[in-house]
2 protein chains.
Amino acid sequence: MTPSNRRITLKDLARELGVSTASVSNAFNRPDQLSRELRQHILSEARRMGYHGPDARARTLRTGRSQIIAVVLAETLTYSLNDAVSSELLTGITEVLDAHGHTLLLLSAGRQPAVRQMPASSSMADGFIVYGLMPGDSLIGELPSHRPLVAVDFHINGQPTVHIDNEPASFAITRHALHQAPKRVGIICLRLATTTVNGRLTAEHEWLSVQSTITRSRLDGYFRALEEYGLSRDDIPLWNIEENIHAVCAPVIEEILDLPAEQRPDLLLCMSDRIALTALTLAEQRGIRVPEDLRLTGFDGIEEGQYRAPRLTTVRQDSIEKGRMAARMVLGLDTPHDRLLQTNLLIGETCP
Amino acid sequence: MTPSNRRITLKDLARELGVSTASVSNAFNRPDQLSRELRQHILSEARRMGYHGPDARARTLRTGRSQIIAVVLAETLTYSLNDAVSSELLTGITEVLDAHGHTLLLLSAGRQPAVRQMPASSSMADGFIVYGLMPGDSLIGELPSHRPLVAVDFHINGQPTVHIDNEPASFAITRHALHQAPKRVGIICLRLATTTVNGRLTAEHEWLSVQSTITRSRLDGYFRALEEYGLSRDDIPLWNIEENIHAVCAPVIEEILDLPAEQRPDLLLCMSDRIALTALTLAEQRGIRVPEDLRLTGFDGIEEGQYRAPRLTTVRQDSIEKGRMAARMVLGLDTPHDRLLQTNLLIGETCP
DNA sequence: CTGAAAGCGCTTACAG
DNA sequence: CTGAAAGCGCTTACAG
């Protein structure tokens, strides 16, 4: 008898039943390799003895495949799990993984720079989806080199990417907003500077490059429309926010809304819906009417912005589809190559 | 030379450097087992040759530990990733796992009953946190039996649980709401019936048992306060909602709000903030004033309900702390035993 | 401090 | 259809 204090193995089971380990393995994995009767016998005895099937740890080493895909997130998991856009991306990824018997391992890159390194278990995954890191991040080099990798919202040398048309989308929403002939336009950026800035951006602040961040592309789109309209980029005040959460957005936006009425922008172009929604709430609290006194545009098209009144005018990006595409490529279901998703303009009441 | 088309292994590296495999392994894992010089030499040569460290697949088989903890979610991942309460739970879990070098594997139980089974990779995990399944779910039996397991919001025979005081919390919020002497009380339940019901619950519908679902405990708390106040539970209309998302809540709530004014409840006790927020939005759209014409209470205390006006009156549960506790127990940092978390009442403007 | 060797629990090509 | 055997890439007790 097998000692009961130890977990039962395939070998134990084979010995107990007087068959080879191959037959037990085949009973679980390749039904065509043995007779129906023997298979049923093995499976029912396995159940009786409390053997739940071959151990994933050994199978993974032997076959070289874990059925696990890792998602590397630039932000902390806390942020990513609570942000509507990352949640949608993960939703699209898991939808495809689920349908193909794979599971999702969450890896966060968002820690103190000093201790940033991939957990040892990262080399467990069969493939990697990397979301929104900075190009050249040293973590990318730590990933196993011979496994499929797909980048989302940024570019890794030689690897396929899924991204959206940030510049044209920002151009389009700005052109729409300018129809109403605003007097004073302001822009609220998301992590645009090379240093940490929560507040007004000045000439002293250096910007990240277009290659480094999608928010720079959004800014370029805003500027193109503003200049086409006859405004100079140097006359547009810019604010920056480092983290796309209410608590960090609020103080910066309060600073803007509390400007004297004749200095306060009457159109705020916001680089995310979270920023725009925070501005909307704070404006309402101050009796600033939206859109009469203040027009607002967002970016992302998250549900929260569409399920309330006034609805947000924003750019809708299909993050679920981004996730699906990335997952299909990493699983080898689609040929790996760069994909560019189209966005569309949602006209709500915050900027009709 | 090692063939360049194959991934380099620890053995290759040892051969190349003329040292034993033990020394290479020790260089990565046990610095005290070899001289500083040899270790540095091995690590720098490893980097030069593109060896990123011992493969997690083999290490896991050898040591029996993967550094992976699996979270088994009752709902689909799509739901769980987008729901504020599950996101908070996951946030608390990942916070602890992160701090201890572990990573999170997401497993969803929420599929068609016919095809429900654990993915093969589930036996990869060192431990399991199971969230909100029904007791007796067959999936629980498929998990490896000798690894730590913690249940959240329900009970698995013989395993530690983290849960909250659903009945007293519901009692307390109802007693608060009754101070205002409402004329007609209604209750909107979450998945209370044994069958699928989106709409009014009648005498024909059977309820789940107190052991099976936390929503039954919430109902019991509501009833206790209502009866103490002098109302009979048979006079209180009950509605049920199957899924805690806006799209499913809305039609049921519309049915309630569109009742003739003299039949419409002026107090709605909702079993989740999502339900209460949907009711709030739909009431506003109809010009029903909250709290003058309709008072609303929620459950959960999610941020979305506190960052808007009027703020929700609700029961705040600390789901992040629930996640932390579950993770600490599954990692063996805390002695496994049942934990009961206290909630607190948040008085907002929807039911002052 | 270093090295030779066993073995974690499987899968799979191969011989019968 | 079945069985004996090799080996996936490591870690670790043990002998030197």
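Residues numbered from 1 in each chain as written. Chains lettered and ligands numbered in written order. Predicted model: local features only at pLDDT ≥ 70, side-chain atom pairs only at ≥ 80, totals over all residues. Heavy atoms only, no water.

Structural notes on the interface of chain A and chain B
Accessible area lost during the coming together of the parts is what is often quoted as the interface size. Taken together, the 49 residues of chain A in the interface contact 49 residues of chain B. Of the roughly 4300 Å² buried at the junction of chain A and chain B (both faces included), carbon and sulfur atoms supply 58%. Taken as a group, R57, L81 and Y307 of chain A account for 17% of the area that chain A buries against chain B, more than any other trio of residues on that side. For the pair chain A and chain B, the number of links is 4 salt bridges. The salt bridge partner of D55 of chain A is R147 of chain B, with a shortest N-O separation of 3.2 Å. Taken together, the links from chain A to chain B amount to 22 residue pairs in polar contact (both at pLDDT 80 or more). Going through the elements one at a time, α4 (56–63), α5 (77–82), α6 (84–99), β2 (103–108) and α7 (138–142) of chain A are the ones with two or more residues in the side of chain A that touches chain B. Split into classes, the residues belonging to the side of chain A that touches chain B amount to 19 nonpolar, 18 polar and 12 charged. Sheet topology note: the β2 of chain A/strand β2 (residues 103–108) of chain B ladder contains 3 bridges and is antiparallel. Following the sheet pairing, L105 of chain A is matched in β2 of chain B by L105 of chain B. (Contact = heavy atoms within 4.5 Å. Buried area = accessible area lost by both parts, 1.4 Å probe. Salt bridge = Lys/Arg side-chain N within 4 Å of Asp/Glu carboxyl O. Polar contact = N/O pair within 3.5 Å; in protein donor to acceptor, adjacent residues only side chain to side chain. Helix = DSSP H or I, 4+ residues; strand = E, 2+ residues; numbered from the N terminus. Nonpolar A, V, L, I, M, F, W, Y, C, P; charged D, E, K, R; others polar. Pairing = 2+ DSSP bridges.)

A short note on the protein's contact with DNA strand D
In the vicinity of DNA strand D, 26 residues are found, and the nearest of them are R62 of chain A together with L10, S25, N29 and R62 of chain B. Considering the 4 Å shell around the protein, atoms of DNA strand D inside it are sugar or phosphate in 62% of instances. Residue D32 of chain A places a main-chain N or O atom 3.3 Å away from a phosphate oxygen belonging to DNA strand D. Measuring from a phosphate oxygen of DNA strand D, one finds a side-chain N or O atom of S25 of chain B at 2.5 Å. Counting only elements with at least two residues in the surface near DNA strand D, the list comes to α2 (21–29) and α4 of chain A together with α2 (21–29) and α4 (56–63) of chain B. It is α2 of chain B that contributes the most residues to the surface near DNA strand D, 5 residues altogether. (Near = heavy atom within 4 Å.)

Overview of the state of the cysteines
Scanning the entire structure with this criterion turns up 0 disulfides over all chains. Looking at C351 of chain A, it has no disulfide partner, and the nearest cysteine sulfur is the one in C270 of chain A, 10 Å off. (Disulfide = S-S within 2.5 Å.)

Some points on unusual backbone geometry
Backbone torsion omega between V290 of chain A and P291 of chain A reads 10 degrees, so that peptide bond is classified as cis. Counting through the fold element by element, P291 of chain A comes out in the loop between α11 (273–285) and β10 (295–297). Residues other than glycine seldom take positive phi values, yet Q67 of chain A does so here, at roughly 65 degrees. Within the secondary structure layout, Q67 of chain A lies in the loop between α4 and β1 (68–73). The backbone of D300 of chain B sits at a positive phi, close to 130 degrees, despite the residue not being glycine. By the element assignment, D300 of chain B lies in the loop between β10 (295–297) and α12 (303–306).

Quick notes on the domain arrangement of chain A
Splitting chain A by domain gives domain 1 (10–54), domain 2 (68–162) and domain 3 (166–317 + 342–346). A separation of 37 Å is found between the C-alpha centroids of domain 1 of chain A and domain 2 of chain A. (Domains from an automatic or database assignment.)

Some remarks on the environment of V24 of chain A
Residue and element names in this part refer to chain A. With respect to the helices and strands, the residue V24 is situated in helix α2. Residue V24 is classed as buried on the basis of its relative accessible area, which comes to 0%. Residues V24 and P54, spaced 30 residues apart in sequence, show a C-alpha to C-alpha distance of 9.1 Å. Not counting residues within four places of it along the chain, the set of residues in contact with V24 comprises L10, L13, A14, V19 and I42. (Buried < 20%, exposed > 50% of the residue type's maximum accessible area, 1.4 Å probe, protein only.)

Looking at helix α9 (residues 214–228) of chain A
Residue and element names in this part refer to chain A. The terminal C-alpha atoms of α9 lie 22 Å apart, and with 15 residues this matches the ideal 21 Å at 1.5 Å per residue to within 8%. When α9 is considered as a whole, its buried residues turn out to be T215, R216, S217, R218, L219, G221, Y222, F223, A225 and L226. Positioned one or two residues after α9, G230 has a phi angle of 110 degrees, which is positive. (Expected span 1.5 Å × (residues − 1).)

Things to note about the UniProt feature "domain: HTH lacI-type" (unreviewed entry) in chain A
Here the UniProt feature "domain: HTH lacI-type" (unreviewed entry) sits at residues 8–63 of chain A. Measuring from the first to the last C-alpha atom of residues 8–63 of chain A gives 21 Å, for a span that is 70% helix and 0% strand. (UniProt positions renumbered as here; feature names shortened; annotations may be inferred.)

Looking at the sheet that holds β10 of chain A
All names here are of chain A. Within the open sheet, the 5 strands sit side by side as β7-β8-β6-β9-β10. Their pairing is mixed. Whereas interior strands pair on both sides, the edge strands pair on one side only; in this sheet they are β7 (199–200) and β10. Pairing geometry for strand β9 (residues 267–270) and β10, over 3 bridges, is parallel. By the bridge assignment, L269 is partnered in β10 with T297. Helix α8 (residues 166–178) rests against β6 (185–190), β9 and β10 of the sheet, and its axis sits at about 170 degrees to β9. With respect to the sheet, α9 is in contact with β6, β8 (238–241) and β9, its orientation differing from that of β6 by roughly 165 degrees. (Axes fitted to C-alpha atoms, helices over the stretch in contact; angles between N-to-C directions.)

Some points on the nonpolar core
Counting 146 residues, the largest nonpolar core has I187 of chain A together with I187 of chain B as its most contacted members. Within the second largest apolar cluster, 42 residues are counted, among which are V72, A74 and L107 of chain A together with A74 of chain B. (Core = buried A, V, L, I, M, F, W, Y, C linked by side-chain atoms within 4.5 Å.)

As for the sheet that holds strand β8 (residues 238–241) of chain B
Residue and element names in this part refer to chain B. Reading across the sheet, the 5 strands line up as β7-β8-β6-β9-β10 and stay open at both edges, with mixed pairing between neighbours. Unpaired on one side and paired on the other, β7 (199–200) and β10 mark the two borders of the sheet. Contacting β6 (185–190), β8 and β9 (267–270), helix α9 (residues 214–228) runs over the sheet at an angle of about 165 degrees to β6. The sheet strands contacting helix α10 (residues 246–257) are β6, β7, β8 and β9, and the helix crosses β8 at an angle near 160 degrees.

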